[in-house]
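# Structural description and commentary
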Amino acid sequence: MGVSEIAIEARNAVKAFGQGAAAVRALDDVSVQIRKGEFFTLLGPSGCGKTTLLRLIAGFESPTSGQILLDGQDITNLPPNRRPVNTVFQSYALFPHLTVAQNVGFGLQMQGKPKAEVEETARRMLALVRLEAMADRKTSQLSGGQQQRVALARALAPKPKVLLLDEPLSALDLKLRKEMQVELKRLQTETGITFVFVTHDQEEALTMSDRIGVMSAGKIQQIGAPRDIYTRPVNRFVASFIGETNFLPATLQGAAARLGTGDLVELTDPPTRSGTVTLTVRPEQVRLAESGIAATIASWVYFGTDTHVHLALRDGTEVVARLQSNPSGETGLTQGAEVHLRFAPGAVQVLGD
Ligand code: ATP
C-alpha cells in the first residue's frame, strides 16, 4: 500500500493503564494501516482494546509508546481539536435545548464560521441523513434512530478526513439497527470519508465493512476483507469469533491432513510445516454424502431456512453441518443413524494455532 493511499496508521501502538501488578495492556503493539475512503471496522469482544485504539486516533489518549499517523504525518502529540478527525459515540450527546439544525451547525459555529455558511452546511448535512423536515425540532422530540442521524450529521459537518464511530448503533433496536447499517454504509460511500467503525457484532462487521481488523487481548489478530476473514481465518480465535465453525484435530501429510478417525482430507492450501494442527470448516460447507467420513447423527435443530445437524465422528469429534431445509420442513434425519459426510472443495482451512 503506497503512503498516499493511507489515511490513518497506528505504528507499534502500546497503551498501558495503571502500574505494576495492576497494569492493563489495553493495546499490545498494534500496527494497522487504514486506507483513504474505506469503511474499516475494528471488531472484537468487550475489553479487547477497540475503544482504546479509537481514542488514540482521536487524540483523547496518548500511546505509552508507538505512533499515530494521519496522511503520513505523525500526529501522536497533536491535541484532539487540531486533528481532522471526528467521533460519533453510542450516546449521541446532543444538546436537548437546541434544534436539530443548531446541533448540526454547533461545531462550525464554534469555529467562528459565518452564520450563512453554518446554516447552509447544516441544511446539506440534514439532507444527507434525510432529516431536512426535522430541522427546527428540538432533539428531545426525535426517536433514537433520528437522534443518531443528527449525531452523524453533526460529526460530518466540519468535513473530517476520518470519522470514528464507537458502537454507534448499539442503543438501537434490531430493526432500526439494520436500517442504520444500510444508512451508514450509504453515507460513507456518498461522502467518501474514511470511516473507522467499532463493534463487537460480527454480522454488523461482515455486512458493512470494506476491511475488518479483528482484535483480541490488545492485539490485532487478522486484517482483511470480510470474505477473507470468514473463509480464511488465521487462528482459532478469529475462526470462532466470526460465525460458527467446526474444529478438527489432524496431522499434516503433504497436501492432505489425516483426521483422528484415519480419514484423509485434501487441502487446497497446504502449509509447508508438518505435525499436528487444527483444521476448521464452516457448518454450511459440510455435506451429507453416500460415502466419505463416517459419522453418527447425534441431534439436530431446525432453524427454518436451514437445519443444524450435530454429528459425531468415530474418534468422538463433533461436527455441525448446516443443511438447507426442504420445502416441507421434514428433516428426514434419524437420531443414531450412520451417515457419511464430505467437506466442500477448498472449505477446509489449517489454523495457525
Ligand atoms: P468494550 O467493547 O467493552 O468497550 P473495548 O474493546 O473497547 O471494550 P477498551 O475500552 O479499549 O476495550 O479497553 C481495553 C482494556 O483496557 C480493558 O481491559 C479496559 O478495562 C482497560 N481500560 C480502558 N480504559 C482504561 C482506563 N482509563 N483505565 C484503566 N483501564 C482501562
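Above this note sits the structure.
As a starting point, this report considers the structure included with it. (Residues numbered from 1 in each chain as written. Predicted model: local features only at pLDDT ≥ 70, side-chain atom pairs only at ≥ 80, totals over all residues. Heavy atoms only, no water.)

### Some words on the sheet that holds strand 17 (residues 306-313)
Rules: Pairing between strands is defined by DSSP: at least two bridges between them are needed. Only DSSP runs of H or I covering at least 4 residues are called helices, and only runs of E covering at least 2 are called strands; the numbering of each starts at the N terminus. Lines fitted to C-alpha atoms define the axes, with helix axes restricted to the stretch in contact, and inter-axis angles between N-to-C directions lie between 0 and 180 degrees.
The antiparallel open sheet is built from 5 strands, whose spatial order is 15-19-16-17-18. Each of the sheet's edge strands pairs with one partner strand only, and the pair in question is strand 15 (286-289) and strand 18 (318-324). Geometrically, the sheet is characterised by an average inter-axis angle of 50° between neighbouring strands, direction not taken into account. With 4 bridges joining them, strand 15 and strand 19 (residues 338-343) adopt antiparallel strand pairing.

### As for the environment of Ala171
Our working rule: Every residue pair with non-hydrogen atoms within 4.5 Å of one another is taken to be in contact.
For Ala171, the position within the fold is in the loop between strand 7 (162-166) and helix 5 (174-191). Put simply, Ala171 and Pro249 are 78 residues apart on the chain and 40 Å apart in space, counted from C-alpha to C-alpha. Residues within four places of Ala171 in sequence aside, it is in contact with Gln90 and Tyr92.

### Comments concerning the side chain of Glu204
Note on placement: Glu204 falls in helix 6 (residues 202-208). When neighbours within four sequence positions are excluded, Glu204 is seen to be in contact with Leu169, Arg177, Gln181, Phe197 and Thr199.

### Points about the nonpolar core
Rule in force here: Side-chain atoms within 4.5 Å are what join buried Ala, Val, Leu, Ile, Met, Phe, Trp, Tyr and Cys residues into a set we call a nonpolar core. Burial status follows relative accessibility: with a 1.4 Å probe on protein chains alone, a residue under 20% of its type maximum counts as buried, one over 50% as exposed, and anything between as partly exposed.
Of all hydrophobic cores here, the largest spans 35 residues; its most connected members are Leu152 and Leu163. Of all the elements, helix 4 (residues 144-156) adds the most residues to this core, at 6 residues. The next biggest cluster of nonpolar side chains, apart from the first, holds 28 residues, and it includes Leu279, Leu313, Val339 and Val350.

### What to know about the pairing of strand 9 (residues 211-216)
Of all 6 residues that make up strand 9, 6 are buried, and the element is covered over most of its length. Residues Arg211, Gly213 and Met215 of strand 9 are buried on one face, and the alternating residues Ile212, Val214 and Ser216, pointing to the opposite face, are buried as well. One ladder, built from 4 bridges, connects strand 3 (residues 39-43) with strand 9; its direction is parallel. Residue Leu42 lies in a different strand from strand 9, and its bridge partner there is Gly213. Counted along the chain from strand 9 to the antiparallel partner strand 10 (residues 219-224), the turn is 2 residues long, and its residue Ala217 has a positive phi close to 45°.

### Digging into the site of the ligand
Under the convention used in this document: Throughout, near means a residue has at least one heavy atom within 4 Å of the molecule or strand. Definition of a polar contact: a pair of N or O atoms within 3.5 Å, with one able to donate and the other able to accept a hydrogen when the atoms are protein atoms, and with sequence-neighbouring residues admitted only if both atoms are side-chain atoms. Each residue is assigned to one of three groups, with Ala, Val, Leu, Ile, Met, Phe, Trp, Tyr, Cys and Pro labelled nonpolar, Asp, Glu, Lys and Arg labelled charged, and all others, Gly among them, labelled polar.
Surrounding the ligand, one finds Phe17, Val24, Ala26, Pro45, Ser46, Gly47, Cys48, Gly49, Lys50, Thr51, Thr52 and Glu167. Contact between the ligand and Thr51: an oxygen atom at 2.6 Å from a side-chain N or O atom of the residue. With 3 residues, helix 1 (residues 50-58) is the single largest residue contributor to the shell around the ligand. Its residues placed into classes, the shell around the ligand shows 5 nonpolar, 5 polar and 2 charged.

### Considering helix 2 (residues 100-110)
All buried positions along helix 2 are accounted for by Val100, Asn103, Val104, Gly105 and Leu108. The first or second residue beyond helix 2 is Gly112, which carries a positive phi of 80°.

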